[in-house]
Structures are given as structure tokens and as C-alpha cells.
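Understanding the architecture of this molecule
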Amino acid sequence: MLMTDSPPEKPNAEQVPLHPWSGLAPEHFDLLRLSPLPVDRHTGARPLRFVELGRIERHSPELSMLRLVVNLPDQHLRKARNMLEVWVDHRSKEVRFGPDSGLQVEPPNRGLGRFLMAQGIAWVRQKWTHYRVEGGALPAKDALNDEMRLRRDHALKAQGFTVTYLDSLQMKATYGAGHVSELHADWHDQKVQYIGLAEAAMMLQQADQNLQHQALELRKLEERVDIYKRDDSGLRFTIACLVAFAVFQAGLLIWIATR
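Below, the structure is looked at part by part. Not measured: the values here are computed from a predicted model. For every chain, the first residue of its written sequence is number 1, and the numbers climb from 1 along that sequence. Restriction of local features to residues with pLDDT of at least 70 applies here, the model being predicted, together with a cutoff of 80 or more for giving and counting side-chain atom pairs; totals for whole chains, interfaces and linings are based on all residues. Neither water nor hydrogens contribute to the side-chain values; these are computed over all heavy atoms in the structure.

1. Concerning the packing of aromatic side chains
Between the rings of Phe, Tyr and Trp (Trp by its six-membered ring), a pair exists once the centres lie within 6.5 Å; its type follows the angle of the planes, with under 30 degrees stacked, over 60 edge-to-face, and the other angles tilted. Inspection of every chain in the model, using the stated rule, returns seven aromatic pairs. Residues Trp128 and Tyr131 carry aromatic rings whose centres are separated by 6.4 Å and whose planes lie at 35 degrees to one another, so their mutual orientation is tilted. The exposure classification of Trp128 matches that of Tyr131, with both residues buried. For the ring pair Phe161 and Tyr175, a centre distance of 5.6 Å and an interplane angle of 75 degrees mean the geometry is edge-to-face. With Phe161 in the loop between α2 (146-158) and β10 (162-165) and Tyr175 in strand β11 (residues 173-176), this pair connects stretches of sequence that are 14 residues apart. The same class applies to Phe161 as to Tyr175, namely buried. Counting every residue linked through ring pairs, the aromatic cluster contains Phe97, Phe161 and Tyr175. Each residue is placed in one exposure class: buried if its accessible area under a 1.4 Å probe, protein chains only, is under 20% of its type's maximum, exposed if it is over 50%, and partly exposed if it falls in between. The helix count covers DSSP runs of H or I at least four residues long, the strand count covers runs of E at least two residues long, and both are numbered beginning at the N terminus.

Right, here's the structure in full:
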């Protein structure tokens, strides 16, 4: 399931053990650019950020698996956050999006959710467009207000999923799709972009040049400040001499007047 409203059950002796692929870490990495966006009243500031996308996939005659993980360089995230899994069962010809705890994205409202879903859909569309899609429940915590609910529904519908509400308050909902061919692999590429190695190198080179230029400008400003300080010291000395001379003259005039 892509998202779920119920916590995972406690393990017991009758449950099927985790698949060996469940604990595999990403093997391939890419750099992503999160474009700066206007401040949002719910999620706050949305500055320019760079994050790391990790990827791993495995194949067997029975199963195929893709796992995508977004790492934030300055944050430690809880397990299963910023992670999307796609499990393909070749025996039943069915595709399941996960993890079972739901797709939880940090930072929110930056286009990462749609990006991850689009990457998973693009991967599964390469070979298995005729496979069925397993649906699931949507967590109520994603619909605490109308804006959050509409944003979530828009992201799912934009990728080709359908959203069905089970109550009049629109709190309980499910998502689903017929076949993989009905899903869309596009995302808002103005919000999230891949950064290639050459482009990243050019950005670092440009940043280094900017730092050198700023350091040069800073040295020029410091030199001007030193000149102003020297001029200020000279003016202070001149003013002190003039004040002393004026006091001497005044004292001399008073002495002459009193004689």
C-alpha cells in the first residue's frame, strides 16, 4: 500500500518474516535541487535546498523491487520517512506502492511526494504496464484541514490514482488505480530537478568564483575603512590641536584683559 491509516501490527510467530530485500540500503545516488518557493502559511519558508536521492532495485523471477530514499544533509529522519517502495509480484501480475506506513515526505509542500511517485511509476511502466495496481487506505492525518486534503488528493490524481471517500466528512479515503498503464510519470519539474555531475561541478566552480570575488571586494572595503580610520585619526589630532590653541588664546585674552 502507498499509504495506510492503521499502524503496523506487532510481529508474532505466525507472521511471514520480512523479505531479505527489505533492509537493503541505496546503492546509487543523485543530487536533487529543490527550487526556492514563496513562504507557505502552513509549512513556512521554502528556501533553495539540495538533497540526495538514493536508489536500489532488485529482480528475481517472482519479484522486482525499487526503493527510493531522499536524504537531507542537515537532518536525521525517522525510519521509512522520505522513502518510496515499489514491489512487483510477477506471479499475480500486481504492483504495490509502499511503504505500508505511508509516504511521508520532509520537507513538505516542495514537490518531493509527486517526484518520488513519478520515479516509481516511470520504473514500473518500463516493463509491466499491463500489471494491476494494488490500492490502499489514506491516513486521516493527511487531511487535518481542507488545504492539506486537497493538496494530497491533487498529488495522487496528478499521477493517475483515483481517490474515493468513505464518509461524508471526507476523513476516511482510499486510493487506487486499474493498471500501471493508467498512471502518469510526470512531476512538477520546476520544483524538483536532477542535478548532473557536470552541472554540480559548474555550480561549485561558480560558487568558488563568487566567494573569491566577495573576498576581493571585502579586502577593498577593509582597505577603504583603514584609510578612513587614518584620516579620522589625523582629523581628531588636528581638532585637538585647534581646541588646545583656542583655549590658549582665550586664556591669553583673559589674562591681557585682567592686566
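Still more to cover.
2. Points about the layout of surface pockets
A cavity here means a set of points on a 1 Å grid, drawn over the protein atoms and nothing else, where a 1.4 Å probe fits but cannot get out; a pocket is an open set with protein on both sides within 12 Å along at least five of seven lines, and a residue lines either one if it has an atom within 4 Å of a point. Grid points are joined across faces, edges and corners, and a volume is the space filled by probe spheres set on the points. Approximately 830 Å³ is the volume found for the second largest pocket. Together, 28 residues line the second largest pocket, and Val105, Pro108, Asn109, Arg151 and Arg152 are the ones closest to its centre. If you list the elements that add at least two residues to the lining of the second largest pocket, you get α1 (112-125) and α2. When residues of the lining of the second largest pocket are assigned to their parent elements, the largest contribution, six residues, is made by α2. Across the lining of the second largest pocket, the residue classes tally to ten nonpolar, nine polar and nine charged. In this classification, the charged set is Asp, Glu, Lys and Arg, the nonpolar set is Ala, Val, Leu, Ile, Met, Phe, Trp, Tyr, Cys and Pro, and all remaining amino acids, among them Gly, are polar.

3. Description of the sheet that holds β11
The sheet built from three strands is open, its strands ordered β9-β11-β10 with antiparallel pairing. The open sheet has two edge strands with one neighbour each: β9 (136-138) and β10. In this sheet, neighbouring strand axes are inclined to one another by 35 degrees on average, regardless of whether the strands run parallel or antiparallel. Strand pairing requires that DSSP identify at least two bridges connecting the strands. Where β10 meets β11, four bridges bridge the pair, whose relative direction is antiparallel. Bridging across to β11, Thr164 finds its partner in Thr174. Against the sheet, α2 contacts β9, β10 and β11, and its axis sits at roughly 140 degrees relative to β10. For every element, the axis is a line fit to its C-alpha atoms; helices are fit only across the contacting stretch, and the angle between N-to-C directions ranges from 0 to 180 degrees. Working rule for contacts: check all heavy atoms of both residues, and any pair within 4.5 Å makes them a contact.

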